[in-house]
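Chain by chain, the residues run as shown.
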Amino acid sequence: MHITLQKSAIAKESSVQITGSKSESNRLLLLKALYPTIQLENVSNSDDSVLMTEALKSNSNFVDIHHAGTAMRFLTAYFSIQEGREVTLTGSKRMTERPVQILVEALKELGAEISYVENEGFPPIKIKGKKLTNNKVSLQANVSSQYISALLLIASKLENGIELTLEGEITSVPYINMTLSLLDEIGVASSFVGNTITVKPNPQAPTPKTLTVESDWSSASYYFSIAALSEVGTKITLSSYKENSLQGDSVLVAIYKHFGVQTSFKNNTVVLEKISTDLKPFSYNLTNAPDIAQTIAVTCFALGIACDLTGLHTLKIKETDRLVALKTEIEKLGGSVKITDKSLHLSASNKIKELVPIATYNDHRMAMAFAPIALKTPIIIEDAEVVSKSYPTFWKDLESIGFKITK
Ligand SMILES: O=C(O)C1=C[C@@H](OP(=O)(O)O)[C@@H](O)[C@H](O)C1
Ligand SMILES: C=C(OP(=O)(O)O)C(=O)O
């Protein structure tokens, strides 16, 4: 479904309720499968979390998790410890191009039995669930933190826990800390010192406990962008958020100050207010928050300012090669972008072409990141339904704050 976003202006004051964090949800869903006394509230309604829930419930020996990267990596670890079960785990065509070798090798070091069904290093994989008896493992930490979180999520169910040595520069660190914090909330002890993470064994179910998932900060990023492109005085209230988030993408609060957006926290909500139009070029290293790269690049383009984004080495193996996708689509709109395999440079420009069809490459974040352009000029978003990977009600929520959308 291709949609057209007419040139829009949003209400002076508006509010949106955003679904739970998909990262927190997919961790907690797995932990709930391991420790059923946990209860969850505000679980994400994203496709990725629905797929995770279904995969954990299913007794089938064939599990397809479509485009869900965290589900692919977390379930690889989960099925490795389901003694006596054999599962073939696969996903979309793109998923069969997203590497899992580092995780598979680490699990094998712990004693897992996993084989590749088609291409060495990539899904589909066949997992024979076993009791894993080793507890020491080292792995390369600069490709995806999801491999590390996957190991940590099952660690407390291993006889001797885990002692994990991280090699090389550690990428997406806040996601590792999120995993450890959630383990802590259910009573699993861990430490992260230098490049070593230790998780203590804990076979016991925690005393019944309800955990409330904070809403998704990556989804909130599109509203930061909308606020940045709106008139001074525009206010958007998002719920349910807290000031001390486990989600690294909450760094948006600091980043969007640069684009004139002031953020305040009030009773589980976050209020974004556009307060100034003083604009300067922007530089930032996004190693800790890769999922907001597209949002920021498009904000800068729409504001007409130059930006230098670094630390983007993980973008090439996400839903699509996001560096190439950003360059291609921003240039269709009239911008000028230079990329390497880990950085993006956008030149300042002051014209945006009208009614350009933006390709989304099965990537929810391409669709959502480009939508705020409609505040400047009409735009077409192709295959707009991709947003359901993380934020199924995105278009409805945009309409509710004043975007004019036609099919
Ligand atoms: O653990 C997680 O929930 C995630 C980790 C990040 O991946 P990488 O560590 O591969 O960068 C992030 O991009 C992804 O959307 C979610
Ligand atoms: C990269 C993402 O997800 P995943 O790796 O879980 O597919 C994302 O949501 O931006």
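All values reported here derive from a predicted model rather than from experimental measurement.

A.B. asks: Before we move on, can you summarise the overall build of the chain with the specific residues and values?
C.D. replies: Counting secondary structure elements, the chain contains 12 helices and 22 strands. Taken over the C-alpha trace, the chain has a radius of gyration of 21 Å; the compact-globule value for 407 residues is 22 Å, and the two agree within 12%. When the backbone C-alpha atoms are referred to their principal axes, the chain occupies close to 60 × 45 × 40 Å. Per-residue burial for the chain yields a buried fraction of 49% across its 407 residues. Across the chain, contacts joining residues at least 24 apart in sequence account for 72% of those joining residues at least 6 apart.

A.B. asks: Quick one: what's the story with the UniProt feature "domain: Enolpyruvate transferase" (unreviewed entry) in the chain, residue by residue and with numbers?
C.D. replies: If you check UniProt for "domain: Enolpyruvate transferase" (unreviewed entry), the listed places come out as residues 61–398 in our numbering. Counting secondary structure, residues 61–398 comes out at 28% helix and 22% strand; the distance between its end C-alpha atoms is 40 Å.

A.B. asks: With reference to specific residues and values, describe the packing of helix 4 (residues 101–110) against helix 5 (residues 145–155).
C.D. replies: One way to put it is that helix 4 packs onto helix 5 with a least axis distance of 9 Å and a crossing angle of 30 degrees. Taken as axis vectors, helix 4 and helix 5 run roughly parallel relative to one another. In this structure, the crossing between helix 4 and helix 5 has a hand that is right-handed. The segment helix 4 lies against helix 5, with Ile102, Leu103 and Ala106 engaging Tyr147, Ala150 and Leu151. Looking at the contact of helix 4 with helix 5 residue by residue, the class counts come to six nonpolar, no polar and no charged.

A.B. asks: Give a detailed account of the site of ligand 2, specifying residues and quantitative values.
C.D. replies: Looking at ligand 2, the residues that line it are His67, Ala68, Gly69, Thr70, Asp291, Lys318, Glu319, Arg365 and Ser390. The residue inventory of the shell around ligand 2, partitioned by class, reads one nonpolar, four polar and four charged. Domain assignment of the residues forming the shell around ligand 2 places at least three in each of domain 1 (3–19 + 214–406) and domain 2 (22–212).

Conventions adopted
Residues numbered from 1 in each chain as written. Chains lettered and ligands numbered in written order. Predicted model: local features only at pLDDT ≥ 70, side-chain atom pairs only at ≥ 80, totals over all residues. Helix = DSSP H or I, 4+ residues; strand = E, 2+ residues; numbered from the N terminus. Rg over C-alpha atoms; globule rule 2.2 N^0.38 Å. Buried ≥ 20, exposed ≤ 12 C-beta atoms within 10 Å, placed from the backbone. Contact = placed C-beta atoms within 7 Å. UniProt positions renumbered as here; feature names shortened; annotations may be inferred. Axes fitted to C-alpha atoms, helices over the stretch in contact; angles between N-to-C directions. Parallel < 35°, antiparallel > 145°, perpendicular 65-115°, else oblique. Left-handed = near helix turned anticlockwise from the far one by under 90°. Nonpolar A, V, L, I, M, F, W, Y, C, P; charged D, E, K, R; others polar. Near = placed C-beta within 6 Å. Domains from an automatic or database assignment.

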